[in-house]
Structure formats: structure tokens, C-alpha cells
Amino acid sequence: MIYPFTAIVDQEEMKLGLILNVIDPSIGGVLIMGEKGTAKSTSVRALADLLPEIEVVEGCFCNCASEGPFCSACLEKIENNENLSVEKVKMRVVELPLGVTEDRVVGTLDIERAIKYGEKRFEPGILAEANRNFLYVDEINLLEDHIVDLLLDSAAMGINVVEREGVSFKHPARYILVGTMNPEEGELRPQLLDRFGLCVQVNSLKEKSLRVEVLKRKIEFDDDPEGFYKEWEEKQIELRNKIIRAKELYKKIPITDEVIEEVVKITSQLSLDGHRADIVLLKAARAYAAFMEKTSITWEDLEKVAPLCLRHRLKRLPFEEISGETEKLKELFRSK
Amino acid sequence: MIDFVSVVEQESAKLTLLLNLIEPRCGGVILTGERGVGKSALLRTLKDLAKSYNFVYLPLNVTEETLLGGIDLEETLRSGKRVFQRGLLSKANQGFLVIENIDLFPPEILSVIFEVQSRGEVIVEREGFKIREPAKFQILATLNLEESDLSMHFLDRFGMCVYMETLREESKRREVIKANLFESFAPEGVKALAESVKFARELIKEVQVSEEILEFISELVIQEGIFSHRAEIYLYYASKAYTALLGERKVSEEAVRRVAPLVFIHRKRYFNVSRDEEVQPSESEDKKRSEARATNPNQEGGGDKREREGGKEEQAQSEYSSGEARAENVTSQAIPSSGKERILPIGESFSVRPILFRRDRKVRKITGKRTKTKVKGRGGRFIRSTLRKTPDIAISATLRAAAPFQKVRGKKDKLIISEEDLRFKEKERKMRHIVIFVVDGSGSMGVKERMSITKGAILSLLKDCYQKRDKVALIVFRKDRAETILPITSSVELALKKLKDIPTGGKTPLSAGLMEAYKLIQKAMLKEPEARFVVFLLTDGMANHTITNRPVMEEVELICKFLRDLPSTDFVVVDTENKQSYIKFNLALNLAQALGARYILMEDLKRETLHNLVNRSKLGR
């Protein structure tokens, strides 16, 4: 039994960061930074229960969408004029554990089939499983360098190309990357940091009543997980439905020239590298508007998501300047 | 051998273990303390006390494969089917994982253990396996503080912590000797204790915790300035277990108070809390300074003298700061009245936060503990299989290579493997670096005892180098030249001696210091082609003496360019400038950019560790 998402006390920004990614997966994942003991991992694992269903090609191990892009196996079927039937499966949170080996990440030759039938067949790895799902890396800053390289490579192209042991296979690898880390334990490679669409900061709660609430719920859950879940089930269903509605709605929200102008106004005043910030800010604001059941993007939506989108992209030189940029960001919204 | 009951004193340590036997949700224990205080001895007595429990001991040479599980070689070769062998962590399910000397285990191994523990499940995704097994366990560990420091992040995973002290009282010491020499056993006592644990395990189901007590728990945590929510959760279970052990049914405030220190000691924060305050310029500092100026006109004189000396640097640095501000700074800084050199003592040392360097592509034979490298020969951690021949065969990959041909080769009951199927293991291991300290010894470092703090920082870095088995060298630049006061050596002790004697005073020939480092590295590269270098440059970045006829900054930038071109060399600029002062130049930042260096404020080198906490609490906070 997993602790229910809606039962997590406070930590609204972290929850929002995760929810926005469920609504629009192209936002590009979320990095959760925070101190020890602040429900980082709990939240990500709890997300699984809220995830909606997606349509996939039946029997496809990498969850190819019926409209493509396709993996080598699906393409072969199409070439042979086989019909691709569609089934619905629930989105999942796939975990990338520390200590994973390279062959399990990218996939490799299916050894048993090879011995029995002399047939070279691809055995999918975690990247295949993670396609169109969440890929969760706990303590991402402690992940081995050579595994990080694999993630960067596949994230950039959205495809995983396997050429090893005589198997040759290609499949889409568009996953929503979620990482948690405690910055005190070491830095994250800048390249990987930039891959994350959003970045949220979690802090422990300072107020006593909230802390007592955390403790109470945890005890209740420990004592009777099933009973605890039942208590929260209604809230879970409510949130799940809200997310599903937003998922249907967000693409219908127009991105007007005015909105684009406002986004650029924000980003051009801050010292940011590249254009990823603009795009993410726009997408996140749209997803947030949809979540709030609105039909257009307003300044408030931008204000709400801006810290999540920009925090990790603000230039970090001397220490005064970090807060300087954050101040500037606040100032920008205040002046409005 | 000795048993649990016969261990003299150490009541807190014993209590934590008992509480965990009663209620495993207490979250495990880490026992720390001086060498020979009996940490491991106490842990080993548990087995007899709790015979029905599952204890799994973690051997020091454990690999990821044995931890998580991996391929069962014999079975696999026989059957031609991949057969899985369970790992230690899933064997510890519903029990305790015992880790003696946790400080000696590589952090990668510990990360894996804690990750599995927090999930309560082993997920094996390696060598073609994809297996999930339950692994709910608590960790009982011992930690030797002198050897190394476990990070706060890891510590937070432990429910309780005890600092075991050597018994000073003579009669107690005699008891300890006797207990160990005569292998004293108290089988009756052990039996009775085991009974009360058993009883408490039943009773705890009936123990009540009132609303007030829950609030009291949170209050205590907040009072102690602890942030992690784990503190409340573990304190709750510890109080409950303690109440059950007392044979009571209602948790009292006293019970909470008794166990609270055991849950709190490793979670307290001493450093980051004051962070925000540090950034604020402190009024009293400035007041003190102006007072000092008023009462000591000599200092003013010293300042003027220095200003005259610094005429050249004025012009060079005008692009970074206005001359006016600079002049003000020089006069406001208290230059020692003599204006000459002096030797400042080594300031307080601390644990250094981890500074990571990227792996490179070289294959080496070097050992050490800092950065990962590919290794020649045996040893090291398996990262991937390769066709390139190494001494270790990668079984799983070899089987995969051979698999498709088994039919053609006419396999009967055994697999047929030929030469071209062989795959080898590419391995990595940690290596040491050669760390070169380039220290600014100029007059500005004498201001407000900056050099003392800097020496403390170097000492801390040297200790870190010792733990990582690095080699070190020391270069000091001051007056008109730079000098290698300690050539490359593995003797950190020698470095310590030299460090003490570094004088302060005179001008700042920054470029000479950089040049000296350049020459040193070039020479060392010939001798040790496999080496990786790290240059720690401790300076405020102000330069005012040249070795050529170029303007100061131009010369510095030119040498930086040379340095950047050195292969296998990383740079870290530690900014020694006092950031609490109103006037800051941040010149070290420009230097860091020119070098492509990591930039760290001296104050940010620190990291929170248990060692600090224990020392503080021993000093009465």
C-alpha cells in the first residue's frame, strides 16, 4: 500500500510540479530539491495512484502510441500489414534504482530465447518501460556518471537506439523525468539540471500544528494502511478526475500573442541561458490554467508557475546574485 | 565473549537497542564513540539476547551484486538459463542489517542500502534480471568518528544515535576489564531481559498516546531547531517502546523526554541555521572597526603606506571597481601596525563539504578515494562489458554473446562457448589526486585574522586529502615571489608543519603563484603521467605585483590561459575575502572565470556532520 498523495500535508509547490507534468507531459519533468525527511520520495511514489490511462498499441512493451512514433517491433508489424489494436493502460512511475547496470537501462539481447531458438530478440530495458511514463530517480545526484550519460542521450533525442550483441533496435523513449535530491549531498551535472522542465524546492514545515498533522497521519497509515487509504479515497478520486479534465482541456487553451509577449517580458529581464525557459514557462502556465479550469492564460497563472520554471535556470555566480535574481523575479510580478 | 547484560554501563546505547527490538519502527541505531569503547562488542551481544530475530551482517568487502543479488554462476552455466541468487538486503527482510564500522564502507554502497531501505523493496535491474523482493529492515551500525564522517543526510535515516563515552571512573574501568577477561556471563539476566522484551512487544499494542503527547513531541522537535519530519516519527515510536518496556500503558512526558536525546543528537543543526544572519552585515562589527580606528592611529598609518604601495594595482583594477571605493577600503582595513610580516596561528578546522570532479577517460592503476577512474587489473566495480580484453570475464555478457549460436553449435546439456564469445568487465575504482594548495600570503590576508581562518580552511582540506589518500603540495605567494614550501608528498603531517609557519605580509604577486603551480604540475606530469591534479587557490583575487612588465590583470589572465591548457587538471578558487564587510570586490570570482575554476566562498567549505555535533555537545553546546 502506498501513502495517498492527497494525504501529504502542505508541500503544495512539490505537488503542483508533479501534477503539471501529468497534465502536459511535454513540460519536461521535475527536479525536487530539499532537505532530508521532507516527503520527497513519498510524494513521487504516491503520484502513481493519480495517473490517468493512456492508449497504447496492444502488447507493445514500450507503450507506443497508436499514432506513433513507433518502436522497431511495431514498425515491423506495420510493414507486414498487421493490424495494431489499441488498449488502455494506466500510466506508471517507473523507478531507476541506484546500482542499475547499463544493459538494464537500454535493454539487451533476450538470452533465453537466443539459446532455445537461436533467435536474436530484444529484451527491453528501463527506458522502454518508461516511454510515456514517469521515470523516477531517487537521489539523482548520486547516480553513476555513465548512467547519467545514457539518460542525457535518450532524453535529447527522445529515442533509444540499441546496437549491441548483434541486436539492433530502436524505440521511442519519451519519459517524464522526476528526480529528487538533497543538494547538501553533492551537485547535479549542469547538463542534467537543464533537462528538467521544472524545479521545486521543498522545506520542512515549521508550524507545530502542521507537524503534528504529519505525525498523526503517518501513525495512522503505519497502523492500518488500507483503512487510511479508504479515508482518503474520495479525495484521491476527486483529484484524479480534476487532472483528467485538465488533460482534455489544456490543448484548447489558446496561446495568444499577448501571452507570449508577457512571457518574453519576464524572461528577457532575467539572465537566463537558452530558450528552454520561455517554452517551459508557457506550457506550465497553460497546464496550470487548465488545472484551475480556466479557458485562457492570465498573469496570475504565469506568476504561479514562474518560480518552478525559472529557479534552476537563473545564472548562479556569486552568492549575492542568486538572491538578486530571485528578487528581480519577485519584483517583476510585484510591479504588475 | 561477553553478553548484553554484562556490558558495563552504556545504558543509553543498550536502551536504543532494546527499544528497536520492541518496536522496529524506531528506525535503527547508529552507535558512535571513541575507538575501543565497545561499540561492536555491544552489537555482537544482541544475537544471544534476541535469538528469534533475523540479523544479517554486512561484510566489509560487499559488492553491489552480493547486496542486491545477481547471477548464480554455477546454476546458470549448468542450465543455460539465467538463475538468480538472492542478495543480502532481501535476506535481511523483517530483521536487522548490522553494519560494523559504517565509515569504512564506500558511499556508493551505502547509497544503495539506504535507497532500498526507504523503499522497503529491492528492485534488481542488472545483468538482465528484473526482480522485486521485499526488504523491510532496520540498520544497526557502529561508526568510528576519527576515520571519517558520515553525511547528515545518511544520519537522518537512523532512528537513534548514541555517543558512547569511555568510562573514566576507576571502579567502572576495573569492572570492564574483569568482564572482558573473565568472559562474564549472566545467563539468568539475559534470559530475564529477553522475557521483558518479549512482554513489551505484546504490551506496546495497548500503549496509548494522547493528543497532548503528540503535540509535546512536535514542540520538542521545534524547540531543538530540527527540521526533518523523521524526528517526530521516530520519537513517537521510541516513546511508545520505552513506555512498554517500563510496563506502562500510557506514554508520559517523562518517557518522551527520556528518549528524545537519543532521537535528536544526530539531527541538530549548528551551521546552516545561522546562514541568514551571516549574510546580514553586522552592525557591531562595523562599530568595532571604527572604534578600533579611533583608538589606534597607527593602523591608519599602516593603511596609508599600503595604499602608496598599491599604486600600480589601482590602475589595473579600475575596471573592476572604482578607485574611490578601493581607497576607502584600504584605509578602513586594519593593517597590522608593524606593516611587516607576522605568523598567524591556524584557525578552527571543520569537515569539508564534498567537492566532486568529473571522471575522465584514462585507464589507470592508481588507487585512492577521491574520484572514479577506469582501472587496469583486478579490483574495482563492474560498470559495463567490453570486447577489450581485461583480466575479468563478464559472464552474463559472454552468455548472451554465445546464446544465439547454441543450436548451430549443437548444444546438448552444456553450453558451448568459444573464444569470440568472451566479453570482459570494464571496471572502475576511486583514485587519488595530487592536490596543490596555492596560498595568498600577502598583507591583506592579515586583516582581521583572515589568514588564521584561511589556515583553518587549509587544514580542513588537508584532512580531507588524507581521507581521500591524495598527495599534496603547498605554494605560497607574497612580497615579490612565489615559493613551493612543500613539494609533492603524501605526508599530510609534513604539510601541517609547513602550514603553521606560513607568514603573512607584503604585496600580492598572484601571477607568480600561478606560474609556480604551472611549473610544478608540468614537472610532476613527467613523473606521474596517470596523475590528476587539483589546484586549490586560496586568495581574495587582488593582485598588485607582476613578474613581467605587463599590467597586473593582463599578466594574470595570460597565465590563467596557460594553466587552463594543462591536461588532467582541475581548479578550485576559494575566495578568502571577508564577505561580511560592506566593501567587497569579488575579484576572486573573475579569477575563477579566467581559470574555468570551481568557485567557493571559504565559509561554504564547511559541511554539517555528526563529528561537529558531537564535539559541540561535548563542549556543552
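In this text, all values refer to a predicted model and were calculated from it rather than measured experimentally. (Residues numbered from 1 in each chain as written. Chains lettered and ligands numbered in written order. Predicted model: local features only at pLDDT ≥ 70, side-chain atom pairs only at ≥ 80, totals over all residues.)

**Some words on the overall build of chain B**
The secondary structure content of chain B amounts to 25 helices and 19 strands. By residue count, 45% of the 621 residues in chain B fall in the buried class. Look at the contacts in chain B between residues 6 or more apart in sequence, and 80% of them connect residues 24 or more apart. (Helix = DSSP H or I, 4+ residues; strand = E, 2+ residues; numbered from the N terminus. Buried ≥ 20, exposed ≤ 12 C-beta atoms within 10 Å, placed from the backbone. Contact = placed C-beta atoms within 7 Å.)

**As for unusual backbone geometry**
As a rule of thumb, non-glycine residues mostly have phi less than zero, and peptide bonds are mostly trans rather than cis. Each neighbour pair has its own omega, and for glycine 68 of chain A with proline 69 of chain A the value is 0°, a cis peptide bond. Structurally, the position occupied by proline 69 of chain A is in the loop between strand 2 (53-57) and helix 3 (72-79). Here glutamate 139 of chain A, not a glycine, exhibits a phi torsion of approximately 55°, which is positive. For glutamate 139 of chain A, the location among the structural elements is in the loop between strand 7 (134-137) and helix 7 (145-157). Its 21 C-beta neighbours within 10 Å are what place glutamate 139 of chain A among the buried residues. Notably, arginine 469 of chain B is not glycine yet its phi reads approximately 65°, a positive angle. Looking at where arginine 469 of chain B falls in the secondary structure, it is placed in the loop between helix 20 (450-467) and strand 15 (471-478).

**Remarks on the pairing of strand 18 (residues 569-575) of chain B**
Residue and element names in this part refer to chain B. Judged by how many residues are buried, strand 18 sits mostly within the fold: seven of seven residues are covered. Alternating positions in strand 18 separate into two faces, Thr569, Phe571, Val573 and Asp575 on one and Asp570, Val572 and Val574 on the other, with burial throughout. Inspection of the sheet shows strand 17 (residues 533-539) paired to strand 18 by seven bridges, in the parallel sense. Considered in strand 18, the bridge of valine 534 is made with aspartate 570. With helix 23 (residues 552-564) bridging strand 17 and the parallel strand 18, this β-α-β connection has right-handed handedness. In the sheet, strand 18 pairs with strand 19 (residues 598-601) via four bridges, with the strands oriented parallel. Within strand 19, the position partnered with valine 572 by the bridge is arginine 598. Taken together, strand 18, helix 24 (residues 587-595) and strand 19 form a β-α-β motif whose crossover is right-handed. (Pairing = 2+ DSSP bridges. Right-handed = clockwise from strand over helix to strand, strands pointing away.)

**Concerning the confidence of the model for chain B**
All names here are of chain B. Looking at chain B as a whole, the pLDDT averages 79, with 82% of positions reaching at least 70. Between residues 270-338, whose pLDDT stays under 50, and residues either more than four places distant or in other chains, the model counts 69 contacts. Of the two predicted TM-score estimates for the complex, the pTM is 0.69 and the ipTM is 0.77. (pLDDT = per-residue confidence, 0-100.)

**Re the confidence of the model for chain A**
All names here are of chain A. When the pLDDT values of chain A are averaged, the result is 86; 95% of them are 70 or greater. Within chain A, helix 14 (residues 319-334) has the poorest average pLDDT of any element, 59, and helix 1 (residues 12-23) the best, 95. Contacts of residues 317-323 to residues separated by more than four positions or lying in other chains number six contacts, the stretch itself having pLDDT below 50.

**A short note on the nonpolar core**
One recurring pattern in soluble globular proteins: nonpolar side chains tend to sit buried together. With 173 residues, the main nonpolar core has Leu281 and Ala284 of chain A together with Ala238 of chain B as its most contacted residues. Other than its neighbours up to four places away in sequence, leucine 281 of chain A contacts Val263, Thr267, Leu302, Val305, Ala306 and Cys309 of chain A. Counting residues in hydrophobic clusters, the runner-up holds 62 residues, among them Val352, Leu462, Ile502 and Leu595 of chain B. (Core = buried A, V, L, I, M, F, W, Y, C linked by C-beta atoms within 7 Å.)

**Quick notes on the interface of chain A and chain B**
Counting from both sides, the interface comprises 49 residues of chain A and, opposite them, 50 residues of chain B. Mapped by element, the contributors of at least two residues to the side of chain A that touches chain B are helix 4 (102-106), strand 5 (108-109), helix 5 (111-117), helix 7 and helix 9 (208-223) of chain A. Looking at the side of chain A that touches chain B, the element that brings in the most residues is helix 9 of chain A, giving nine residues. Here the side of chain A that touches chain B is built from residues that sort into 16 nonpolar, twelve polar and 21 charged. (Nonpolar A, V, L, I, M, F, W, Y, C, P; charged D, E, K, R; others polar.)

**Points about helix 1 of chain A**
The end-to-end C-alpha distance of helix 1 of chain A, which contains twelve residues, comes to 16 Å, matching closely the 16 Å that a straight helix rising 1.5 Å per residue would cover. Turning to helix 1 of chain A, its buried residues number three or more, namely Met14, Lys15, Leu16, Gly17, Leu18, Ile19, Leu20, Asn21, Val22 and Ile23 of chain A. (Expected span 1.5 Å × (residues − 1).)

**Section: the sheet that holds strand 17 of chain B**
Residues and elements named next belong to chain B. Sheet architecture is open: six strands sit in the order 16-15-14-17-18-19, paired in mixed fashion. A single partner strand is all that each edge strand has here, and the edge strands are strand 16 (481-489) and strand 19. Across the sheet, the mean angle from the axis of one strand to that of its neighbour is 15°, orientation sign disregarded. Contacts from helix 20 reach strand 14 (434-440), strand 15, strand 17 and strand 18 within the one sheet, and its direction differs from that of strand 17 by about 165°. (Axes fitted to C-alpha atoms, helices over the stretch in contact; angles between N-to-C directions.)

**Let's talk about the packing of helix 10 (residues 225-249) of chain A against helix 12 (residues 276-291) of chain A**
All names here are of chain A. In contact at an axis separation of 8 Å, helix 10 and helix 12 are set at 125° when each is read in the N-to-C sense. Here helix 10 is positioned oblique relative to helix 12, judged by the angle of their axes. Crossing of helix 10 over helix 12 shows right-handed handedness. Residue-level contacts link Lys242, Ala246 and Leu249 of helix 10 to Ala287, Ala290 and Phe291 of helix 12. Here the contact of helix 10 with helix 12 is composed, by residue class, of five nonpolar, no polar and one charged. (Parallel < 35°, antiparallel > 145°, perpendicular 65-115°, else oblique. Left-handed = near helix turned anticlockwise from the far one by under 90°.)

**Re the sheet that holds strand 11 (residues 198-202) of chain A**
Residues and elements named next belong to chain A. Overall, parallel pairing links the five strands, which are arranged 4-7-10-1-11 in an open sheet. In this open sheet, the two strands that pair with only one neighbour each are strand 4 (93-95) and strand 11. Put simply, the sheet's adjacent strands are angled 20° from each other on average, direction ignored. By the bridge criterion, three bridges tie strand 4 to strand 7 in an arrangement that is parallel. What sits directly across from glutamate 95, in strand 7, is tyrosine 136.

**Here's the deal with helix 9 (residues 187-203) of chain B**
Residue and element names in this part refer to chain B. Helix length check: helix 9 (17 residues) gives 24 Å between terminal C-alpha atoms against 24 Å at 1.5 Å per residue, within 8%. Listing the buried residues of helix 9 in full gives Val197, Ala200 and Leu203. Projected down its long axis, helix 9 carries its buried residues within an arc of 125°, all on one side. Of the exposed residues in helix 9, those oriented more than 90 degrees away from the buried face are Pro187, Glu188, Lys191, Glu195 and Glu202. In the core, the buried residues of helix 9 are packed alongside helix 1 (11-22) and helix 11 (230-245). (Arc of directions from axis to C-beta.)

**Remarks on the environment of aspartate 570 of chain B**
All names here are of chain B. Mapped onto the elements, aspartate 570 comes out in strand 18. In this structure, the C-alpha to C-alpha distance between aspartate 570 and glycine 596, residues 26 residues apart in sequence, is 8.5 Å. Contacts of aspartate 570, omitting those with residues within four sequence positions, involve Phe357 and Val534.

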